[in-house]
Amino acid sequence: MTTLTAPRFISLHSRHTSVVLELPDNEAPLWRYWGPRLQSATHRPASASFALREARPLPSFMLDFDQPLSLAPSFGVGWFGQSALLAHRIQRTAEGSGSNPCVDFAQAFTDCQVTWLKHEQEVALTLTDQVAQLSLKIELKLDPDSDVLVLKSSLQNQGHSALNVQWLAAATLPIPGRADTVRSYAGQHNHEFLLQADVLSRSQWRRESRRGRTSHDTFPGAVVTTPGATENAGLVFGAHLAWSGNHQQTIEWLHDGQYQWQLGEWLAPGEGMLAAGASLQTPEVVATCSTRGLNGLASNFHAELRARLPWAKGQMRPRPVHLNTWEGFYFDVHPEPVKALATAAAALGIERFVLDDGWFNGRHHDRAALGDWWPDASKFPQGLGTLVEHVNSLGMEFGLWFEPEMVNPDSELYRAHPDWALQLKGRPLITARNQLVLDISRPEVSNYLFQKMDALLSAHPIRYIKWDHNRDLTTAGLLDGSPGYRAQVQAAYALMARLGAAHPDLEIESCSGGGGRIDFGVLRYAHRVWTSDCIDAMSRITIQQGFLQFFPPEIMGSHVGSAKAHTTGRTQSLAFRAAVAMTGHLGVELDARHLTDTEATELKAWIALYKQLRDHLHQSQVWRGTHADGLVWQAHGHGDELLLFVYRTQPTNHRYIPALPLPMLDTYACYQVQEILPEGTVRATGPHSTAPFFDALNDPQGVELDGSWLVHSGLPLPRAPAETVFMVRLRRMA
Ligand code: GLA
């Protein structure tokens, strides 16, 4: 009888997923499994009972040593795939010998210490390479409820000379070979989260951002799907790097037919230079898999982010309706019109009034003043006090816009401290939107910013900051000429944390020309994001659907803009604009002083409806879907009560409107279905649109429908023009 070696395993298990690593002697742990929960026949957590190499015959013309995918695949000693580490050191040879060879360019970890931090949930693995004199600590934490696996790595240089790290993966993940598509997000200013679906093949898939921020262009994360996976069913994997700076991810086919997925920070040349004894800590990778399709995956990410958000006293308050002055006033913010706008806002039911750009010293356009963070004396000779009091007296909170990391060359700050800008000696300064970036890693710079912001926050009850960052980083050199991308992100986080600690009730919105800084890293400090500068409702539907793959609706800043969208020139009804905006954290971004009475009454009704529904819209589960005939839908809620928004984006192609199947419902339940309409409004209808079913949806008891009917046959839809919404509430009946 053949005896198999009894391997050592590390297994982590959550409600629906399992992770299994194999621990061979004197090697880095091997990846054995990440996927749906393993259950053994005895209902004990299962894992493989054989060593990987014992079930893997060697192919021809191979090394006599077999190196499968490990948790830390490393170049030079038998691994030919993408390395989780690229590093070397220069060996200083005798003065005058003329040669300084690059050494330790190959690494192999030959020892692994296992420290359990929580049984079957959290483990720290410390690997060492005594030849290259390195220690690599990899931490894995699998949340038992959300199924989210958080990984991070820390490399320590244990040698006596500097180590130059070119790349250190925050995590390496295995993806099964049957996976066929990677869905990532491309985009640009005014159109974030543009879906980019690529077929996985033997060619390497890679996305990078070197813009010094999360970026509009390349979201640091993706979703990998297996054949047949849909919005609501099938095996899918997702991963995201929680970091607001440069990043890189690759998916690479391996010779055993699976893929490896690496994510990490893209280090500028020299940025990973580690002095003897120094360490490099990566950002976290937040990863998860689900057999419940894209929506199941989204729920896992939402749960993880909800646990991270830094709410005051640990609890989210109902998300207050905003009015933001930007598209209404742009830079032209003068106290009297702004006060009049606040009065009009309060009458609509607005709860937080945010004074956007234009309030500070000399800020009349985008060519000057960033850095001079005190009220402009020509606009606010008495400071912001009377405006804040006026806003508060109307029962609204006050919020204020800053762009702390930036400076205009035409500013008092820059004239006093031109050396504070990130720059490279001998290279021209490159402006973007007429501005430069401050080196906020210098204590004197971050102290200056803290003092200026803190002075305003201490003088007035300012409960909210819109924290902007309106350009990419270039010539990002620190004082000593070394690259400052990484330092800049760390310093921004530190400044946000310092302000948050000094003002515990403060909420921060992360904005970066709209959605250029949306990630789980900044959301350790921020409470909301400005999803996009584009508030055209049609564009927003796709932007928001992409956003919701990773982020929950309660942090998704979504505003009702003017009828004609400023960024696209398209015109949409108030009902459509409001219905798209209200699935996130609702705001208004228009000059409410000039609404007609009819418009004001209608907008007020939508705001009132949002207030009634927000407890169901937020902190609940979200299902997204698309359907033939130009329909995009979204449902929010819990099993017992769902709010369904069906957006018709195009005119129908049918004489009779097909029903909409709702795959997320319980086939064994019965639902009471009622139409939702803001008070005093009627649904937008086309000609010949009435039918008794839709009248019955508006009866107090609604219509009773069988869950399996709704799942398999579908919900009848009214005939309606393009760019309209149909909203219903589905209540599970006892
Ligand atoms: C960025 C933001 C806008 C607005 C302007 C102000 O573009 O995304 O919402 O705050 O800056 O300059």
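My aim in this report is to walk through the structure given alongside it, one point at a time. (Residues numbered from 1 in each chain as written. Predicted model: local features only at pLDDT ≥ 70, side-chain atom pairs only at ≥ 80, totals over all residues. Heavy atoms only, no water.)

## So, the overall build of the protein chain
Helices and strands together make up the secondary structure of the protein chain, namely 12 helices and 36 strands. For 734 residues, the compact-globule formula gives about 27 Å, and the C-alpha radius of gyration of the protein chain, at 28 Å, lands near that figure. When its C-alpha atoms are laid out on the principal axes, the protein chain stretches across 80 × 70 × 40 Å. The burial tally for the protein chain puts 58% of its 734 residues in the buried class. For the protein chain, the proportion of contacts with a sequence separation of at least 24, taken over those separated by at least 6, is 69%. Summed over all atoms, the accessible surface of the protein chain reaches about 28,900 Å², with 52% contributed by carbon and sulfur. Counting 62 positive and 74 negative side-chain charges, the protein chain places the centres of these two groups 0 Å from one another. (Helix = DSSP H or I, 4+ residues; strand = E, 2+ residues; numbered from the N terminus. Rg over C-alpha atoms; globule rule 2.2 N^0.38 Å. Buried < 20%, exposed > 50% of the residue type's maximum accessible area, 1.4 Å probe, protein only. Contact = heavy atoms within 4.5 Å. Areas by Shrake-Rupley, 256 points an atom, 1.4 Å probe, with all protein chains shown as cover. Lys, Arg positive; Asp, Glu negative; His and termini not counted. Charge placed at Lys NZ, Arg CZ, Asp CG, Glu CD.)

## Structural notes on helix α3 (residues 335-348)
In this model, α3 (14 residues) spans 20 Å end to end at C-alpha, consistent with the 20 Å of a helix rising 1.5 Å per residue. Those residues of α3 that sit buried are V338, K339, L341, A342, A344, A345 and L348. In this fold, the buried residues of α3 make contact with β21 (322-324), α2 (326-329), β22 (352-355), α4 (385-393) and α10 (597-617). Phi turns positive one or two residues past the end of α3, at G349, with a value near 105°. (Expected span 1.5 Å × (residues − 1).)

## Quick look at the packing of aromatic side chains
Evaluated as defined, the whole model comprises 29 aromatic pairs. Between F360 and W401, the ring centres sit 6.0 Å apart and the planes meet at 10°, which makes this aromatic pair stacked. With a gap of 41 residues between them, F360 in the loop between β22 and α4 and W401 in strand β23 (residues 397-402) connect regions that are remote in the sequence. Note on accessibility: F360 and W401 belong to one class, buried. With 6.2 Å between their ring centres and 75° between their planes, F694 and F726 make a pair best called edge-to-face. Placement of the pair is F694 in helix α11 (residues 692-696) and F726 in strand β36 (residues 724-732), with a sequence separation of 32 residues. A connected cluster of aromatic rings, assembled from ring pairs, spans Y185, F193, F219, F301, F520, F547, F550 and F551. (Phe/Tyr/Trp six-rings, centres within 6.5 Å; stacked < 30°, edge-to-face > 60°.)

## Thoughts on the pairing of strand β4 (residues 85-90)
Sheet analysis places β4 next to strand β10 (residues 163-175), joined by 4 bridges and oriented antiparallel. The residue bridging A87 from the neighbouring strand is V165, located in β10. Where β4 lies against strand β5 (residues 102-103), 2 bridges are found, and the strand directions are antiparallel. Across the sheet, the residue bridging to I90 is C102, located in β5. (Pairing = 2+ DSSP bridges.)

## Focus on the sheet that holds β23
The strand order around the closed barrel built from 8 strands is β21-β22-β23-β26-β27-β28-β29-β30, with neighbouring strands paired in parallel fashion. Taking each pair of neighbouring strands and ignoring which way they run, the sheet shows an average axis angle of 30°. Bridge count for β22 against β23 is 4 bridges, and the pairing is parallel. Bridge pairing in β23 links L355 to L400. Lying on the sheet, α10 is in contact with β29 (556-560) and β30 (585-588); it crosses β30 at an angle near 160°. (Axes fitted to C-alpha atoms, helices over the stretch in contact; angles between N-to-C directions.)

## Points about the environment of A229
Along the polypeptide, A229 turns up in the loop between β14 (221-225) and β15 (236-242). Taking C-alpha positions, A229 is 20 Å from L173, a pair spaced 56 residues apart along the chain.

## So, a nonpolar patch on the surface
Taken together, L58, M62, L63, F65 and F80 make up a surface patch of nonpolar side chains, about 500 Å² in accessible area. Within the secondary structure, F80 is located in the loop between β3 (30-36) and β4. (Patch = residues over 30% accessible without salt bridge, like charges linked within 9 Å, V, L, I, M, F, W, Y side chains within 5 Å. Salt bridge = Lys/Arg side-chain N within 4 Å of Asp/Glu carboxyl O.)

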